[in-house]
Amino acid sequence: MGRTIIIGGGVIGLSVAYHLAKRGADDVILLERNQLTSGTSWHAAGIVGPLRATPNMTRLAMYATELFPRLEGETGMSTGYRRTGGYWLARRPERMDELHRIAALGRHLGLHPAVLAPDQVDLPLLNLENHAGAMHVLEDANVNPVDLCMAYARAARAGGVTIREGVEVTEILSSGPEASGVRLADGTIIDADRVVLCAGAWSKPLAEKLGVALPLQAVEHMYVVTDPIPDLPDPMPVIRDMDTGIYIKGDAGKLVIGGFEPDAKCWDAFGPEGDRPFLELPEDWEQFSPFMEAALALCPALHNAGIQHFMNGPESFTHDTRPLVGAAPNVDGLFVAAGMNSVGVMSSAGIGRALADWITDGAAPMDVWEVDIARADPMAATTDHMQNRMQEAVSDLMAMHWPFKQPKAGRDLRRSPLHDRWAPAGAVFGVTAGWERGLWYAQNEQERDFPYSVGVQPWYPIVTREAAQMRAGAALIDLSPFGKFDIAGSGALAFLNHIACGQMDMPVGRTAYTQLLNSRSGIEADVTVSRLAPDYFRLTSGAATRWRDQALLRRASNGFEVTVTDVTEREAVIGVMGAGSRATLAEIASDGFAEFPFGTCRDVHIANIPCRATRLSFVGELGWEISIPVARAATVFDRLRQAGAQPMGHYAVDACRIEKGFVHWGHDVGPDVTPLEAGVAFTIDWDKEFCGKAALLAQRNTLSRRLHLFDVEGSPLLLHDEPIWEGGRVVGLTTSGARGARTGKDLCFGLISISPGETRRDTANRVFEIEVAGRYHQAWVLPEVPFDPKGERMRA
């Protein structure tokens, strides 16, 4: 395995070291510039909350409840771990919807959450007269952060890890595209086969020197510790008053009160005090007073309690309030675990183990897309953007998590080349991976500013209006942000046939839908590939996965005579979709669209401008994707509008794709889901060799779960991760949902367990219910997609 250097002696770096030792790594060096825990770990609140908003994040967090007590037995050192239970409090009724959803997920994963009325909260010291309810989580706990770190360190040393304190790393070294070691402040170079960057708020410049952008920003994060308060419960449950953004926890007869505020104060980790260990920043009662006032209203006993200590210390947050973990996309051998958003102590167990497994095995042990560093757009790491994001990124931890909520701070990171055309057409913009994209198109001011809702979405009538345009006319869809990669060279065909399960040896001018698989046959990317010349292909993937896909292609291309070029921003792409799309294009094109089969592409002239037209559709209608040089895209757009085509937003696209049964990577499919499970086996060419084929062959006759499309009664808001019940037990979770734009059906995909040899018709005869926000809705597996099941409109 060779040498591994870990930079950072906080709770994350120590956990990675511990878990690498457990995996048998025999040459691990951890370097800490000051003393262990001296950055941010030492002043963490130490709350352990295993229940998170998604299955994989909950699985990562739950491991702490197993590891922290086990460490005590391994090391003979106390970690201070103690199960206390906890309450999530809701003041507004809509928050109860969120708590019901999270509780259902937690129960499915083996936790014991319970949703309660206010009078069922067994904690007399709380004033709950203004609350709508609560959720109790039995497994909530506390741990002592410093004691935990010392236990990690002792166990890591016992496993052979070398820990050096007072050693500052000033540079991560590289040889070509690979990390090769570190340079210390005294000029010493330590060679390594891989480097793991766990320096928290201080990680950013070390990564930037290698061209790795980390969207991190340190802020001042505060809590107070009261004097001892008589008659506190023992143990004192962890309290999260979600709608005021505060938490309260017990601490040896005292209370710790903290919160997550809007407009957090940015702190310069590289300023005059940035190198000071165990740094405490000045008290800031002006910033903290809203939290203190909320705590006094919630817990009247605090009126008689003094404040023993005001803690204000640095903490690093990310652009989207999710950690940055994994292999750097553009530097091999460099791994990152930073930006823990104030939950690093709790996260240390799961993230440390996952990253150690990733390093040891060469691949992530599970689907970690939610925290994968490769999700981050490099432009998000700029100082201005990150400081703007701190207006809401910190408070987002506890702010109301509305369905379809859009950020307000840090907008306009990336704009489509046609942004100035979509905007006057009525676009109500939202953000996808930093790109501004039209969610829907308003026809008046009233349609621009709908309130958020946990029920039927107020913009749904616009979705139906926009989709209806395709019945006889043509709709225009902004597809420019999709990731676009040119793959060229004498080895291009061999390369693509290796990574794709579909056959790429197709005639020039053909376009194929396929998946790129890992060795376990999981779907690493869901793409289309067009053959533009014998040794030249265009691969198109999703907007959100651009940087991840680029890294995947770069790494997989080693050993092939091929170049991979990201051309995402060279072209604007307009989807022209609907029964009238052929006539619309023919009116302004000099090339005929009459003889243009589905799944083909060709060079055309539209408005006398050279373009490429590809006949595909993600909405299930006749249509083309038109790729246009950026400089001339506005002219094509204007001519399409003059020909009568109308804009269509991405909410309508999603509502159309689901009623056609089209899957979405990151929701319905991903690295842990195979093409056989996803129902896209029609893309596989079993007669050729490709990455993951052996695993797929082994699965053909042993399939135990499968993705199905469900029709659900009762008009629930279907999102994702809702439990699917059959015969009193959970047999799967939903993966995505929407109300069909043309059928009006409430639809969702669900990944459910099946019996060996069970056909799709067999599954359609089973009886299911889906639990949505505390209510059960009858659901039917659809034997065929509800809109145009034979594909007659799309292939017309």
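Numbering of residues begins from 1 in every chain and follows the order in which that chain's sequence is written. In keeping with the predicted nature of the model, local features appear solely for residues at pLDDT of at least 70, side-chain atom pairs appear and are counted solely at 80 or more, and the whole-chain, interface and lining totals rest on all residues. Side-chain numbers here rest on the full set of heavy atoms in the structure, without hydrogens or water.

Caption draft 1: Fine view of the environment of Thr-545. Structurally, Thr-545 is set in the loop between strand E28 (536-541) and helix H12 (546-556). Separated by 342 residues in the primary sequence, Thr-545 and Ser-203 have C-alpha atoms spaced 23 Å apart. We call two residues in contact when some of their heavy atoms are within 4.5 Å. Setting aside residues up to four positions removed in sequence, Thr-545 forms contacts with Trp-369 and Trp-665. Under the DSSP-based scheme used, a helix requires at least four consecutive residues in state H or I and a strand at least two consecutive residues in state E, with every element numbered from the N terminus.

Caption draft 2: Structural view of the sheet that holds strand E36 (residues 723-726). Read around the closed barrel, the six strands follow the order E35-E38-E37-E36-E39-E40; overall the barrel is antiparallel. Within the sheet, the average angular offset between the axes of one strand and its neighbour, ignoring direction, is 40°. Here E36 runs beside strand E37 (residues 729-739); their pairing, made up of four bridges, is antiparallel. Bridging across to E37, Pro-723 finds its partner in Leu-733. Structural elements are reduced to axes, namely lines fitted to C-alpha atoms, with helices fitted over the stretch in contact, and the angle between N-to-C directions of any two is expressed from 0 to 180 degrees. Set on the sheet, helix H15 (residues 650-659) makes contact with strand E35 (705-712), E37 and strand E38 (746-753); between it and E37 the angle comes to about 130°. Note on pairing: DSSP must find at least two bridges between two strands before they are called paired.

Caption draft 3: Layout of the packing of helix H2 (residues 55-75) against helix H7 (residues 344-361). It is at 7 Å that the axes of H2 and H7 come closest, and there the two elements cross at 100°. Considered as vectors, H2 and H7 are oriented roughly perpendicular to each other. Between H2 and H7, the residues in contact are Leu-60, Ala-61, Tyr-63, Ala-64, Leu-67 and Phe-68 and Val-345, Met-346, Ser-348, Ala-349, Gly-350, Ile-351, Arg-353 and Ala-354, respectively. Three classes are used, and their members are as follows: Ala, Val, Leu, Ile, Met, Phe, Trp, Tyr, Cys and Pro are nonpolar, Asp, Glu, Lys and Arg are charged, and the others, Gly among them, are polar. A per-class count over the contact of H2 with H7 returns 11 nonpolar, two polar and one charged. Any angle that is under 35 degrees is reported as roughly parallel, and any over 145 degrees as roughly antiparallel; angles of 65 to 115 degrees are reported as roughly perpendicular and all others as oblique.

Caption draft 4: Structural view of the nonpolar core. Ranked by size, the top nonpolar core spans 55 residues in total, and within it Ile-6, Phe-68, Tyr-152 and Leu-355 carry the most contacts. Those elements that provide at least two residues to this core are helix H1 (11-22), strand E2 (28-32), H2, helix H4 (145-158), strand E19 (324-327), strand E20 (334-338) and H7. With nine residues, the top contributor of residues to this core is H7. Those residues in contact with Phe-68 that lie beyond four places of it in its chain are Val-48, Thr-79, Tyr-81, Val-143, Leu-148, Tyr-152, Val-345, Met-346, Ser-348 and Ala-349. Ala-199, Ala-201, Ala-207 and Val-212 belong to the second largest nonpolar core, which has 36 residues in total. The set of buried Ala, Val, Leu, Ile, Met, Phe, Trp, Tyr and Cys residues whose side-chain atoms join them within 4.5 Å is what this entry labels a nonpolar core. For each residue, the accessible area found with a 1.4 Å probe, counting protein chains only, is set against the maximum for its type, and the residue is called buried under 20%, exposed over 50%, and partly exposed in between.

Caption draft 5: Structural context of the pattern of salt bridges. We count a salt bridge whenever a side-chain nitrogen from Lys or Arg sits within 4 Å of a carboxyl oxygen from Asp or Glu. One pass over the full model with this rule turns up 53 salt bridges. Across the salt bridge formed by Asp-332 and Arg-554, the nearest N and O atoms sit 2.8 Å from each other. Taken together, the residues Asp-332 in the loop between E19 and E20 and Arg-554 in helix H12 connect sequence positions 222 residues apart. For Arg-554, a relative accessible area of 24% puts it in the partly exposed group.

Caption draft 6: Geometry of the packing of H1 against H7. In the contact formed by H1 and H7, the axes pass within 8 Å of each other and the chain directions differ by 45°. One element, H1, and the other, H7, form an angle in the oblique class. By crossing handedness, the relation of H1 to H7 is classed as right-handed. Of the residues in H7, those touching H1 at Val-11, Ile-12, Ser-15, Val-16, His-19 and Leu-20 are Gly-344, Val-345, Ser-348, Ala-349, Gly-352, Arg-353, Leu-355, Ala-356, Ile-359 and Thr-360. For the contact of H1 with H7, the per-class residue count stands at nine nonpolar, six polar and one charged. Note on convention: the crossing is left-handed when the near helix lies turned anticlockwise from the far helix by less than a right angle, right-handed when the turn is clockwise.

Geometric values such as these leave the question of function open.
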